[in-house]
Structure formats: C-alpha cells, structure tokens
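So the chains spell out like this:
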Amino acid sequence: MAGLATSFGSGAMTNSIAEIGDAACVLAIGTNTTEAHPIIGHQVKRAVRQGAKLIVINPRWIDLCRFATVWLRQQPGTDVVLLGAIMRVILEEGLADRAFLDERCEDFEAFQRSLGAFDLDTAEKVTGVPREKVREAARLYAGTRPASILYAMGITQSSHGTDNVFALANLAMLTGNIGKPSSGVNPLRGHNNVQGSCDMGCLPNVYTGYQAVVDPAVKAKFETAWGVALKDKPGLTLTEIFSAAHRGDIKAIYLVGENPVLSDPDASHVREALERVEFLVVQDIFLTETARLADVVLPAASFAERDGTFTNTERRVQRLRKAVEPPGQARPDWWTTCAIAKKMGAKGFDFKEASEIMSEIARVTPSYGGVSFDRLDNGGIQWPCPAYDHPGTPILHQGRFTRGKGRFTPLTYRAFLEQPSPQFPLLLTTGRVLYHFHTGTLTRKVEGLEKLRSEELVEMNPADAANLAIKDGDLVEVASVRGSVRARARVTDHSPEGLVAMTFHFAESATNLLTNPALDPIAKIPELKVCAVRVGKKP
C-alpha cells in the first residue's frame, strides 16, 4: 500500500475485477491467482481465451503457467532486478509512452538513471531468467495494450516489498498503462475485507480514508468530530506490537478476528509475547490457537449473523445482511467494542445499528462521503464516492493521478535478508492452496475440504529430494534458525532446485514457526515469503 500511495497517491487496486478479462495483456507477478483468488483467476483465463497475452513471473510452477505466453522463473527475491531489466529494454527499444510521461509523470530522469544497473547480462546472472525471455516479456507488455498488472503477497511480504511495488508502478507509468480500462496496477488482497479494514484506519499512521495521523488539520477534524484529544504520532504495526509486548512495553492486547499464533512470522516469538502480557482479550467466532491463550474470550458473530459492509479488493463497498441469529452470547464485533467502550466511560459509542456507524464513516471520510446503507441496497459502490449523487469510481487516476502527477521512484536492488548457508542450505517460500484459506481456522472445519487436503505437504524438487534420500510421502522435518516442523514430502518439479514450498493452513505443521519476522523498512511488512531452511528425513 505504501508503494502505490507514494507513486500514485492511492494504495488500492486501480481498476475493477471484471476489466481484467478484457485486457490485451496480463502480467501476473507474485500471485498464484487461480488458487488464492480463483474468481480473479477466472478473469485472467477469460482474457487468454479472448486472445490476451499472459506473462507469469513466479519462481514456482503454478496453474497460470499452463496459459502463459511467457513464464519468467526468477530466483526468489530478485523481482526488482527483473522488472528493472524489462523497463530498460522498453526504453532502449522505444516502447515507452513518451506523451504520457511528459504530461502525467514526474521524477522520470532519476528513475531512468537508476536503470543503468539493470542490463540484461546482470539480470540473467542475478535472476536466472534468460535474457531473451526478459526481452520477450518487455515487448509483450509494452506492445500489447491495454495491459493489466496483478500482484499479491509474493511481492509485498518481503523486506524489500515496497521496492517491488515501486518497480511495478514505474512499469505501468512507463507504458501509459494507468487510468484506462483493463490496465493499471492491481494488488489482490489476501482477505475479503483487508481493503475495508485499511480504509477504516486499521493502520497505525492513518485515520479513515488514509487521513494522516501527523496532519494537524486531520487531527483537529477528528478531535472535533469525536470530542476527544488525539495524539499526532503513529502507533505500531502488528509485528511491532508483538515485539513490544515481548519486551514488556505493552501490557494488554485486545485482539479481534486474528489468529497470529499461526499467521504471523516467527510464531514462537508471537506466542511468547502473548503469554507475557498481563491481560489478553480475544474476540473471535471460534476458540482459535490464539484464543486458547487469552484471559477473556469474547464470542463474535459471523458474517451471516450480522449487518454491516465489506470492502473488497477492487474498492467495492458491499452490504452484509444478517441471515440468521448468532448463537449463544455471540454478538457483532461493533456491538462488543461499543459495550466495552461505554463500560470504560467513553462517549460516542451509542450506536443502535450498523447503519449509524456507516453514517459516521461518511461524515468523516471523504472517499466514503456518498456511501450509505440505502444506496448499497441497490448494489456495491467503488470508492472514492464523495457525495450521494456520485456513482463511484471503477477506475482510478483517469486524467490525473490522486497525487497530481505520477511519481517515478529510482530503483535499487537489495537481496532478501536470510541467505542459504551450509547449516540451512535451502530456501522456503509459503503460499495457499485452493481448498483452504489462511490459517485454516474456517475451512478446516469443513469435512469435504478436509478430504481434499488434510495435512501439510513440503513441496521439493526431485533433485533436492534425491540428494537428501527423500521419497514422495516421506515424513520430513523442516527447520530454520527459529524452529522446526514435521510434514510429508511431495516431490515435484513445481518447485525449482533449492526452493521448498509449504502452506500455513495446518496447525499440526505450523509453518510460521520457521518464517522470518524481518520488516520492510517502509511498509513494515515481514519477510514471510523467503527464509533459509534445512530438510531432513525422519524415521
């Protein structure tokens, strides 16, 4: 989000999901779209059926490779080098949109100079991608318009994830593929309401609608609206909160709808942090691995048991309608939070229904200013929607970027922080499979899905398996400097030599015991996608 906000002025998907199917070219990088986002994956396949060119950039073979015009199998963590080389080819071969650059962008010269480090020889050496494939991808993307970029956590969950996003924003601007139908830079969010949560200020540096905490005018606005004094310094991100709790700087945590004991990197450290706080409250619909550590568990209502909204990855605000009554003492999250606030003597929490909360959101959030439950009854609305007579905005940055002009950022390559070593000679990457979601808290309770996939599998290349005398189905132990887990081996050429792959769906083989909590210095997102490990056969 930080990368797109810096480059364009908005950190959200620039275009709409349905437009992807009409793109002439799709570049999918760091996304296993058909498994993690199958509806969007369908749009990619629709585009291909209609003649679109598909560029897949991924270290592992994924289902989209079956449909790809070209597949670039780069070494993990080398995305900036590969994208830099693609952009250098585009410039050298005169494929850039010069009119767009002159009219709509700034800081181009410094960016252009930075491409001097990304010649094709260097790119082939660092990324492992043959130079002619790099050239082919550059020509396809720049010469086949409109072109849409899709990316997901394979790009962002890295110690240099913001650099990766800067590179993608640069690529779209270089070719004029922004602010037009079926083009743009489109991050695919990992949950159904990640976009909505961020929109509502669930980030430590902004209020709703990305209004900066450090802006005196914004601070004064919310102090007036809420009748309280507010601080002007950003707080901590999720990963930073656990580190502070581990040090003893945070004494209590109120955790809603999250299972960090399974989902966060270096999970042993997270568990220790939660065990050290003096008071832990968990609010959830199930007694998760994290909830079992809590002093108090507050039962929450599920999506089908409450009214509200979700805002999806294309910025579409959608109504959530209560279908059944919640069981027992379960209540909607907003109701429980308001009840706690009122018990603590706070004012401004006297909401009787979810629609009243949306009305307040509209009053204090310009991008949601025209959103109401009444309007949403007629269908979803894509923000920004500043007024009640505004139709919403399917495509961002048409005619003008949110920040005025699009900003090019010079590129610098930084390798991922944890390199293979004699003790940990392999790299581990993580992802999802079609049949389960995130930590498995929900999907593993579905009998049919458990029959399709009921345990963790360590995908490894046949050459690596042979070197370690491991056969398909063997029980193996995967260890990093932070911990170890056991799971069955799946020997497959889907993973290249030197790279093993696991999901994080299965509590019995909690993969995030292994992963690296090192943070991107700007976005503060941990390096979940790459860490050094060893694999050994267990009796």
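1. Here's the deal with the sheet that holds strand β1 (residues 25-29)
Line of reasoning, step 1. Strand order across the open sheet formed by five strands is β3-β2-β1-β5-β6, with parallel pairing between neighbours. The open sheet has two edge strands, β3 (70-72) and β6 (185-187), and neither has a second partner. Adjacent strand axes in the sheet meet at a mean angle of 15° when their direction is disregarded.
Line of reasoning, step 2. Bridging between β1 and strand β2 (residues 53-57) involves five bridges; their strand directions are parallel. Residue pairing in the sheet places I29 in a bridge with I57 of β2.
Line of reasoning, step 3. In the packing of helix α9 (residues 131-143) onto the sheet, contacts are made with β1, β2, β3 and β5 (147-151), and the angle to β3 comes to roughly 125°.

2. Quick word on the packing of aromatic side chains
Line of reasoning, step 1. Taken as a whole and judged by the stated rule, the model has nine aromatic pairs.
Line of reasoning, step 2. On the basis of an interplanar angle of 20° and a centroid distance of 4.5 Å, the ring pair of Y207 and F222 is categorised as stacked. Of this pair, Y207 sits in the loop between α12 (194-199) and α13 (216-226) while F222 sits in helix α13, placing them 15 residues apart in sequence. Judged on exposure class, the residue Y207 and its partner F222 are both buried.
Line of reasoning, step 3. Arranged with centres 6.2 Å apart and planes meeting at 40°, the rings of Y210 and W383 form a pair that is tilted. Of this pair, Y210 sits in the loop between α12 and α13 while W383 sits in the loop between β12 (381-382) and β13 (406-407); the two residues are 173 residues apart in sequence, bridging distant segments of the chain.
Line of reasoning, step 4. What makes Y210 partly exposed here is its relative accessible area of 28%.
Line of reasoning, step 5. Feature note: the residues F8, F100 and F401 constitute an aromatic cluster, connected by ring pairs.

3. A look at the domain arrangement of the protein
Line of reasoning, step 1. Taken domain by domain, the protein holds domain 1 (2-188), domain 2 (194-382) and domain 3 (426-537).
Line of reasoning, step 2. Taking the mean C-alpha position of each, domain 1 and domain 2 sit 33 Å from one another.
Line of reasoning, step 3. Across the contact, nine residues belong to domain 1 and six residues belong to domain 2.
Line of reasoning, step 4. Where domain 1 touches domain 2, the interface holds zero salt bridges.
Line of reasoning, step 5. One can count five residue pairs in polar contact (both at pLDDT 80 or more) joining domain 1 with domain 2.
Line of reasoning, step 6. Taken together, the residues of the side of domain 1 that touches domain 2 sort by class into six nonpolar, three polar and no charged.

4. With respect to the pattern of salt bridges
Line of reasoning, step 1. Applying the stated criterion to the full structure yields 28 salt bridges.
Line of reasoning, step 2. Among the ionic pairs, R66 bridges to D63, the shortest N-O distance being 2.7 Å.
Line of reasoning, step 3. The class of R66 is exposed, set by a relative accessible area of 53%.
Line of reasoning, step 4. The partner of R486 in a salt bridge is E477, with the nearest N and O atoms 3.9 Å apart.
Line of reasoning, step 5. Judged by its relative accessible area of 42%, R486 is partly exposed.
Line of reasoning, step 6. One salt-bridge network, in which partners are shared between bridges, spans E93, E132, R135 and R139.

Reading the values: the criteria
- Residues numbered from 1 in each chain as written.
- Predicted model: local features only at pLDDT ≥ 70, side-chain atom pairs only at ≥ 80, totals over all residues.
- Heavy atoms only, no water.
- Pairing = 2+ DSSP bridges.
- Helix = DSSP H or I, 4+ residues; strand = E, 2+ residues; numbered from the N terminus.
- Axes fitted to C-alpha atoms, helices over the stretch in contact; angles between N-to-C directions.
- Contact = heavy atoms within 4.5 Å.
- Phe/Tyr/Trp six-rings, centres within 6.5 Å; stacked < 30°, edge-to-face > 60°.
- Buried < 20%, exposed > 50% of the residue type's maximum accessible area, 1.4 Å probe, protein only.
- Domains from an automatic or database assignment.
- Salt bridge = Lys/Arg side-chain N within 4 Å of Asp/Glu carboxyl O.
- Polar contact = N/O pair within 3.5 Å; in protein donor to acceptor, adjacent residues only side chain to side chain.
- Nonpolar A, V, L, I, M, F, W, Y, C, P; charged D, E, K, R; others polar.

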